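Residues per chain, in single letters:
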Amino acid sequence: MEVIKLEKYNPQEIEGKWQKVWDAPDYYKTTEDDSRPKYYALEMFPYPSGNLHMGHVRNYSIGDVVARYRMMAGFNVLHPMGFDAFGMPAENAAIAHGVKPSDWTFSNIKNMISQQKAMGLAYDWNREVETCREDYYRWTQWLFELFYKRGLAYKKEASVNWCDKCGTVLANEQVVDGKCWRCDSEVHKKNLAQWFFKITEYADELLKDLEKLPGWPERVKIMQENWIGRSEGLEFSLEIPELGESVSVYTTRPDTAFGITFLALAPENPLVEKICAKSDKAEEIKAFCEKVKKQSEIERTSSESVKEGIFTGFYCVNPFNGNKAQIWVTNYVLAEYGTGAVMAVPAHDQRDWMFAKKYGMDIILTLQPKDKTLKLDEMKEAYVEKEGTLVNSGKFDGMEMHAAINAIIDEAEKLGFGKRHVNYRLRDWLISRQRYWGAPIPVIYCDKCGEQLVPENELPVKLPEDVEFKQGALSPLSTSKTFNDCKCPKCGGHARRETDTMDTFICSSWYYMRYTDPHNDKMPFDRDKVNYWSPVDQYIGGIEHAILHLLYSRFFTKVLRDAKLLDYDEPFTNLLTQGMVIKDGAKMSKSLGNVVTPEEIISKYGADTARLFILFAAPVERDLDWSDQGVEGSFRFLNRVWRILEIFEPAIKEGQSKYDVSKLTDEEISLRRKLHKTIKKVTEDLRDRFAFNTAISTLMELVNEMHAFQDKPINPGLARETAENLLKMLAPFVPHISAELWSKFFEGDVHKQSWSKFDEKAIVEDKIEIVVQINGKVRDKIKVDSGITKPELEKLAPTLDKVKELSAGKNIVKVIAVPGKLINVVIK
RNA sequence: GCCGAAGUGGCGGAAUUGGCAGACGCAGCAGACUCAAAAUCUGCCGUUGGCAACAACGUGCCGGUUCGAGUCCGGCCUUCGGCACCA
């Protein structure tokens, strides 16, 4: 027997070789062929920190499989990559090491691109986008102006979130548990004039359209729903006779309005000043307000905090029953939500209850539950259930609580002191940042003409380089000698520029549109092009953007649709939120010393092994436990593939693509059946389920069955058919080894092949095994004709030896037959 | 506190529509090859009892529906995530 000399699988060598081939500018050039359907596959673009970590590797491996599969399946695929390149770390590097933020950023980008190329990712680099380049941020500024012109960008003085460490303000979405999302330091309130985007104008549509997103994970939609926080209720006003003023409150519980015993104001409510102007307790009240305002965001908004307040000495009148209610300033009413004033009903609100108990105020029950009778002197807490019948509520007594809500709102509207009102928890998006490395806000302030947009033909407003990167309340741009002074576009007189830059989340709110037309210098993108490619068919990224980036992007899409720049409602049809990569039970981090870098894995095993392991070890949406031994196993599998195909080589080369299937032995028929079942399964897993782990395990099973022929002859036609399809199916997962093995045996390029189709006839079996159960327990397995019908199975059941044996002396009560699966005989 | 997700061998996980629980991989054990080891190939591998055929038990816990439940329903427990004075 001839000894076959095997060549060894050498990933370092073959990966470099193929990456060179793929680096040709046209290799992955996006096609826009009319005869094919389109598919837009997108991974969240990274911040250019300088190095890829395993989370990136996971993100891009998933996206690459999706994109490569769709390319082979006959789609025009858009699969681009770029960089979310503005942001604080570049500026911090400037402060710490004196490097220019642009130099730091571009050198990081260069490094990351080389790492991405080392992973063998199928991107069309012709479409790369970097948000810090003038040809991009010019359009970010242009879009700011579009928002402005549509009344969706405005500047106002407000109490805003300030992070000392970052030296800038933050949007509500960027404050997590009262701390800065980026640096984790405590955030406090500051009064500043800032730019906002009016996202609240779209609150209702952002909520409602979540229904149009069946391809999004439920939990992301629920998080957005909660964040938007829609509620329905009544807004009404209460007169303050001594002041000649009135105060508005919002409530979702109009059914408890007859139980108001006091009114609670936020210290920021404008009424407080009016009261102080006429009150002899003004000093005390002001001191209380100052004390509350000084508290940190955490102290201020924690439900654990002790409720405190001060009586103003003034009263308001409950318009429903004419009762007088004390007006208090308190620490537990939020200034920014509703009207900044709350009708307090201690009997039916736990916070009001605690407050009333502390300060000895009246409590009036207005609701009695069905199954018991509440007595005030026995109650330990407020009755807050939304169930019961009204009492102490005048003509509404005896009414069921839900009906009463509507009746009381109607009454308020009829009498003209209130109206039905919808409220949102969502606040407008604060977009100013007192930082350097971002897109300058294109606004000019003229003493004579006021706030002016920079004319479109003067965009971009470029970032100056003569700045000082000191941190503080002042934007670094204000230190530039060349930037500040300018001419008013309207009167030509002396004016100065806005020195704040935009939140980088604005840059990332439209980048996926720019990819569809990345070199356009007339518009951010062409309407036809964006409409052709968008929405994104599959978006892939981390759950951490469930609110932030994903909500902002939805908002942008709706605004640009209303501005007729595009014609769809939602940017991302399907969303896949990948889990984290963890090791030893924790997220990889320098401080824990459990970091495994992509570079070390690629240099030891190659990119194919890294990709394979990360896709195989866990379902994509779940956290992935890093395992060095698991990586070994993936490497072993690739070697196994390499070896068995080397063994098959003579047969593969001899085989023809058309061959006589009827000449196959039973064992060969069984291998061919496994092959076609594998094609079916892998196709379904890739197309419908993103179940890469099970797709890979099925391919492993096929390779295991191929090993049955390692030391005996195999039909050459079958060897060829199996090898060809195996390599095509492996190609999206492990592109280098697939390309290499393909080139050894076959013509052309595996990545340009069309996806495998399974042969229904090859899958069919004459005889199948079904389970025989007695009383639901498996007692036997039998071989039957695969086409056997239900009545035939039912007739067969009592004749089976095992059934006869176990039913001896008992009665067969019932026979359940499921063709293709089982027979269950019920005996008694 | 409210909302949501998850809980399956020693480990990662599979079971897609209510139908053989544990595919595939890791670890482990044994055999082949080898002077030997590594690598590779082959086999075994939920728990308990049994030489074995086999039997009983087994998907966080308790109960229910069903011929049949990891899967459906009700009630808990634990872990993780989100929100949290939003009136």
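In what follows, the structure referred to is the one given above.
Predicted model, so just to flag it, every value in this text is computed and none were measured.

(A) Representation of the environment of Ile14 in the model. Tracing the sequence through the fold places Ile14 in helix H1 (residues 11-22). The class of Ile14 is buried, set by a relative accessible area of 5%. C-alpha of Ile14 to C-alpha of Pro735: the two residues are 721 residues apart in sequence and 11 Å apart in space. Excluding anything up to four places from it in sequence, Ile14 contacts Tyr9, Trp642, His736, Ile737 and Glu740.

(B) Broad picture of the protein's contact with RNA strand B. Around RNA strand B sit 56 residues in total, of which Thr252, Thr301, Arg351, Lys681 and Asn824 are the nearest. Within 4 Å of the protein, the contacting atoms of RNA strand B are 68% sugar and phosphate, with bases supplying the remainder. At 2.5 Å, a backbone N or O of Thr252 approaches a sugar or linking oxygen of RNA strand B. Between RNA strand B and Tyr337 there is a distance of 3.1 Å, counted from a phosphate oxygen to a side-chain nitrogen or oxygen.

(C) Spotlight on the side chain of Lys728. Looking at the secondary structure, you find Lys728 in helix H22 (residues 716-730). One buried charge, Lys728, has no salt-bridge partner; the nearest side chain with opposite charge is Glu724, at 4.5 Å. Aside from chain neighbours lying at most four places away, what touches Lys728 is Met72, Trp742, Val750, Gln753, Ser754, Trp755 and Ser756.

(D) Spatial organisation of the sheet that holds strand S5 (residues 153-163). Here we have four strands laid out as an open sheet, ordered S6-S5-S9-S19, and antiparallel in their pairing. For this open sheet the edge positions go to strand S6 (168-170) and strand S19 (429-430), each flanked by a neighbour on one side alone. In this sheet, S6 lies alongside S5 in antiparallel orientation, the contact comprising three bridges. Looking across to S6, one finds that Cys163 is bridged to Thr168.

(E) Structural detail: the packing of aromatic side chains. According to the stated counting rule, one finds 56 aromatic pairs in the structure shown. With centroids separated by 5.3 Å and ring planes inclined at 75 degrees, the aromatic side chains of Phe144 and Trp195 adopt a geometry described as edge-to-face. In this pair, Phe144 is assigned in helix H5 (residues 134-149) and Trp195 in strand S9 (residues 187-197), connecting sequence segments 51 residues apart. You can call Trp195 buried: its relative accessible area is 0%. Between the aromatic rings of Phe236 and Phe320, the centroid separation amounts to 5.5 Å while the plane-to-plane angle is 75 degrees, which identifies the pairing as edge-to-face. On the criterion of sequence distance, the pair formed by Phe236 in strand S10 (residues 231-240) and Phe320 in the loop between strand S13 (309-317) and strand S14 (324-330) is long-range, its members being 84 residues apart.

(F) Spotlight on the environment of Leu560. Inspection of the secondary structure assignment puts Leu560 in helix H16 (residues 548-562). Relative accessible area serves as the criterion here: at 0%, Leu560 is assigned to the buried category. For the pair Leu560 and Ile816, spaced 256 residues apart in sequence, the C-alpha to C-alpha distance is 59 Å. With sequence-adjacent residues up to four places away left out, Leu560 is seen in contact with Leu143, Leu146, Phe147, Met513, Phe525, Leu565 and Leu566.

(G) Structural context of the packing of helix H18 (residues 607-616) against helix H23 (residues 735-745). Their axes nearest at 7 Å, the elements H18 and H23 cross at an angle of 125 degrees. In terms of their interaxial angle, H18 and H23 are classed as oblique. Contacts from Ala607, Asp608 and Arg611 of H18 reach H23 at Pro735, His736 and Ile737. Residue classes in the contact of H18 with H23 are distributed as three nonpolar, one polar and two charged.

(H) Expanded view of the environment of Arg351. You can see Arg351 is positioned in helix H11 (residues 350-359). A relative accessible area of 47% means that Arg351 is categorised as partly exposed. Distance from Arg351 to Val772, taken between C-alpha atoms, is 63 Å for residues 421 residues apart in sequence. Among residues more than four places away in sequence, those in contact with Arg351 are Lys307 and Tyr332.

Cut-offs and rules
Residues numbered from 1 in each chain as written. Chains lettered and ligands numbered in written order. Predicted model: local features only at pLDDT ≥ 70, side-chain atom pairs only at ≥ 80, totals over all residues. Heavy atoms only, no water. Helix = DSSP H or I, 4+ residues; strand = E, 2+ residues; numbered from the N terminus. Buried < 20%, exposed > 50% of the residue type's maximum accessible area, 1.4 Å probe, protein only. Contact = heavy atoms within 4.5 Å. Near = heavy atom within 4 Å. Polar contact = N/O pair within 3.5 Å; in protein donor to acceptor, adjacent residues only side chain to side chain. Lys, Arg positive; Asp, Glu negative; His and termini not counted. Salt bridge = Lys/Arg side-chain N within 4 Å of Asp/Glu carboxyl O. Pairing = 2+ DSSP bridges. Phe/Tyr/Trp six-rings, centres within 6.5 Å; stacked < 30°, edge-to-face > 60°. Axes fitted to C-alpha atoms, helices over the stretch in contact; angles between N-to-C directions. Parallel < 35°, antiparallel > 145°, perpendicular 65-115°, else oblique. Nonpolar A, V, L, I, M, F, W, Y, C, P; charged D, E, K, R; others polar.

It is worth stressing that arrangement in space is one thing and function is another; only the former is reported here.
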